Amino acid sequence: LDLNSDNIWELTLPMSPGRYGYKFVVDGDRWLTDPTDDSELRIDDGYGGQNSGVVVGPDIRKAPPPEPNNVNAEYVRHEPAADVVQVDDGVLQVTARALAGDVEKVQVVMAFLDAEGEPTTIASSFIDKVSSAGGFDVFEKTLSVLDVDDEESLSVAYRISFHDSEAVVGLNPDGSFDVPSGRLELSPPWSDDFNLRLRDFDVPEWTHHAVWYQIFPERFRNGNPDNDPGRFDYENLVGWNTNWWDVLSGETPPSGNSDNFYTGTGDVWDRRYGGDIQGVQEKLGYLKDLGITAIYFNPVFEGESMHKYDTADFRHVDDNFGVRFEGDEYPPVFSGNKVDPESWEWSPSDKVFLEFLKEAKAQGFKVVIDGVFNHVGRAHPLFQDVLENGQDSAYADWFVITDWGNGGEPGQPGGIQWKAWDGPSGHLPTFAQDPELGLAPGPREHIFAITKRWLDPDGDPTTDDGIDGWRLDVPGDIPHPFWVDWRKLVKETNPDAYIVGEIWSWADAWLKGDQFDAVMNYQFAMPTQDFFIDRQTALSPSEFMGRLEAVINRYPRPITYAQQNLMGSHDTDRLASMFVNPDRPYDGANRPQDNAKNFDPPYSERKPNREEWERMRQLVYFQHAFVGAPMTYYG
């Protein structure tokens, strides 16, 4: 939004008719419901709060009752971008809506056009009513049309009409209506009709059969005590089997109003257990016995934190995960220019990881790692260069500096200020963006070089020595043009590489065939929790099936088969704990240190009882049988 002369933030946004949910986000961290909204349109946001609602165009609540032999065109809905979905090569799913009880049937006529824009096939079909929701009848049908084969895309022109007895209303692309005589027909010029392009979706076939296991390296297994952390003041090495809730060696007991666990000294954030790549390699046989075929690693690159989302160097695996670096400074410094890929070498820890890849592949595993390309940690040498040299830094345009300061301490009043993912002048400074490239040229080229480095470490025509793909952290924070170009680089380097994004909402904008192959399927996790885990608010079987149909049919089939169907991850509570704490929003009211404080009942830390374990097994059976690729986090 822009701030106008009356000190009001405003934005004019063209939108199609329909009902929308929204919030205001202030300074990146305050999420506000609109105090002037229509309270009847509010809806739970899934995180313990509410979204405001707004109706664009006619309000269904004010619609007159249906009349016989009449179509109320004011309440006809069809949005090509959302309502015509290519679910497979040559297969389309078409959706339309009309005022409940007002329309008997919907007709669609399609013309499939060749490269010169001439029709190769014209097909007509009536669409079935499948459900009613929100005052609308929903008409939907899956149509087998043409094989795209090896062509990049194929144009389709179509028209759609609504029928009630003898009454017929045709919907035009500009939103106007006409009344065709009898059956709707298509004729030139095709530019006057709805147009879309079919794609040949190129999703790696192996992802359709993958059984995923997610590993948070610091907490999986300590295979080599010689690389254990603990030398810096922000890391405290503790015993692997110590009680989680105890005050451990080097930690501060509770005092006053502070528990010193989450708050106060926050000792839990400094704990390190010494998990490493060697520990994972030791347990490859165990994972294979479980039936696992693919591993997703949380970040493995140098970072100060336990989680490593504060990258200090994309070029190198963290020394606590491989071979400990004994220098006095952080991050470890290896030879080579920071931004010139030709000068980069492999650190001892890098070689441990490359050897792990070799062994994992020999045992039949695919390995995907976390790409945190939106931001870095404060310790990153290029950001440190900006803090040291200010506007004279060669990397000044890599980051979003909001105030160059006047010599004060960085991040403090009078010092340099910057935009960060975790708040103004925080620990995770974000890369600068570009409206045409997505990311600014400097970080864009650096990320491209990092991408190739790990996909094809030796740079030869084969990629059997590299990773098998990337999981992308907060990719929605980077504009789409970057991901379009980045996908081209990935597929040119390794056509069989997998690209999966962390998108919690529906991800249509990223799953059009030009960006990601799939997403972490939280849209699967949410209704599955609502059915198997919740008790007082559990979905009925028919409601659950309705939610599942959306999961199955939302995207093209090659993408649906490749979705990572997870229940929990490093960002949520553990699956077993969900059963002990039912009837909460997914990933909501689940953290005792913040969002669970005002929830009744309080979050329980006990272990599941026998019945809860049995119900959890039932869910896992379902997860592994459902369409898509199941993913387990710390089974």
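Refer to the structure printed above.
The following refers to the structure shown. Since we're looking at a predicted model, the values are computed, not measured.

**Things to note about helix H9 (residues 522-533)**
Residues that lie three or four places apart on an α-helix share one face, since the helix turns once every 3.6 residues. The buried fraction of H9 is high, at 11 of 12 residues. If you check which residues of H9 are buried, you get Tyr522, Gln523, Phe524, Ala525, Met526, Pro527, Thr528, Gln529, Asp530, Phe532 and Ile533. On its buried side, H9 packs onto helix H10 (541-553), strand E31 (564-566), helix H12 (575-580) and helix H13 (610-625).

**Side note on unusual backbone geometry**
The omega torsion across Tyr330 and Pro331 is 0°, close enough to zero to call that bond cis. Looking at the element boundaries, Pro331 is found in the loop between strand E22 (311-317) and helix H5 (348-362). Note that the residue after Asp600, namely Pro601, is joined by a cis bond; omega there is 5°. Despite not being glycine, Asn7 shows a phi value in the positive range, around 65°. Along the chain, Asn7 falls in the loop between strand E1 (2-3) and strand E2 (9-10). Overall, Asn7 belongs to the exposed group, its relative accessible area being 60%.

**Section: the packing of H9 against H13**
In helix packing, the relevant descriptors are the interaxial angle and the interaxial distance, both defined with respect to the helix axes. In the contact formed by H9 and H13, the axes pass within 11 Å of each other and the chain directions differ by 145°. Of the two elements, H9 crosses H13, and the hand of that crossing is right-handed. Across the interface between the two elements, Phe524, Thr528, Phe532 and Ile533 of H9 pack against Arg615, Gln618, Leu619, Phe622 and Gln623 of H13. Considering only residue class, the contact of H9 with H13 consists of five nonpolar, three polar and one charged.

**Some points on a nonpolar patch on the surface**
On the surface, a nonpolar cluster with roughly 820 Å² of combined accessible area is contributed by Leu1, Leu3, Trp9, Leu11, Leu13, Met15, Phe24 and Leu32. Summarising the element assignment, Phe24 is placed in strand E4 (residues 24-26).

**Details of the sheet that holds strand E32 (residues 629-633)**
With parallel pairing, eight strands are arranged side by side in an open sheet as E30-E29-E28-E23-E20-E17-E32-E31. Each edge of the open sheet carries a strand with a single partner, namely strand E30 (518-519) and E31. Sheet topology note: the strand E23 (residues 366-371)/strand E28 (residues 469-472) ladder contains three bridges and is parallel. Looking at the pairing, Gly371 lines up with Leu472 of E28. Each of E23 and E28 touches helix H7 (residues 441-455); the most contacted strand, E28, lies at about 135° to it. On top of the sheet, H13 reaches E31 and E32; it is set at about 140° to E32, its chief contact.

**What to know about H7**
The terminal C-alpha atoms of H7 lie 21 Å apart, and with 15 residues this matches the ideal 21 Å at 1.5 Å per residue to within 8%. The buried fraction of H7 amounts to 11 of the 15 residues, a majority that puts the element mostly inside the structure. All of the buried residues along H7 are Pro443, Arg444, His446, Ile447, Phe448, Ala449, Ile450, Thr451, Arg453, Trp454 and Leu455.

**Some details on a negative patch on the surface**
A cluster of acidic residues, Asp200, Asp202, Glu205 and Asp496, forms a negative patch on the protein surface. Residue placement: Asp496 occurs in the loop between helix H8 (480-493) and strand E29 (498-501). Judged by its relative accessible area of 36%, Asp496 is partly exposed.

**Overview of the nonpolar core**
Core analysis: the largest hydrophobic core is formed by 106 residues, its most contacted members being Trp212, Phe297, Phe353, Phe356, Trp454, Trp470 and Trp486. Excluding its chain neighbours within four sequence positions, the residues that come into contact with Phe297 are Ile215, Pro217, Ile277, Val280, Phe353, Phe356, Val367, Val368, Ile369 and Asp370.

**With respect to the pairing of strand E14 (residues 167-171)**
Counting buried positions along E14 yields five of five residues, so the element is predominantly enclosed. Neither face of E14 is open: one carries Ala167, Val169 and Leu171, the other Val168 and Gly170, and all of them are buried. As paired elements, E14 and strand E15 (residues 177-178) share two bridges and run antiparallel to each other. Looking at the pairing, Leu171 lines up with Phe177 of E15.

**Focus on the sheet that holds strand E3 (residues 18-22)**
Strand order in the open sheet formed by three strands is E3-E7-E6, and the pairing between neighbours is antiparallel. With one partner strand each, in any of the chains shown, E3 and strand E6 (43-44) form the two edges of the open sheet. Bridge count for E3 against strand E7 (residues 50-56) is five bridges, and the pairing is antiparallel. Looking across to E7, one finds that Tyr22 is bridged to Ser52.

Rules used throughout
Residues numbered from 1 in each chain as written. Predicted model: local features only at pLDDT ≥ 70, side-chain atom pairs only at ≥ 80, totals over all residues. Heavy atoms only, no water. Buried < 20%, exposed > 50% of the residue type's maximum accessible area, 1.4 Å probe, protein only. Helix = DSSP H or I, 4+ residues; strand = E, 2+ residues; numbered from the N terminus. Contact = heavy atoms within 4.5 Å. Axes fitted to C-alpha atoms, helices over the stretch in contact; angles between N-to-C directions. Left-handed = near helix turned anticlockwise from the far one by under 90°. Nonpolar A, V, L, I, M, F, W, Y, C, P; charged D, E, K, R; others polar. Patch = residues over 30% accessible without salt bridge, like charges linked within 9 Å, V, L, I, M, F, W, Y side chains within 5 Å. Areas by Shrake-Rupley, 256 points an atom, 1.4 Å probe, with all protein chains shown as cover. Salt bridge = Lys/Arg side-chain N within 4 Å of Asp/Glu carboxyl O. Pairing = 2+ DSSP bridges. Expected span 1.5 Å × (residues − 1). Lys, Arg positive; Asp, Glu negative; His and termini not counted. Charge placed at Lys NZ, Arg CZ, Asp CG, Glu CD. Core = buried A, V, L, I, M, F, W, Y, C linked by side-chain atoms within 4.5 Å.

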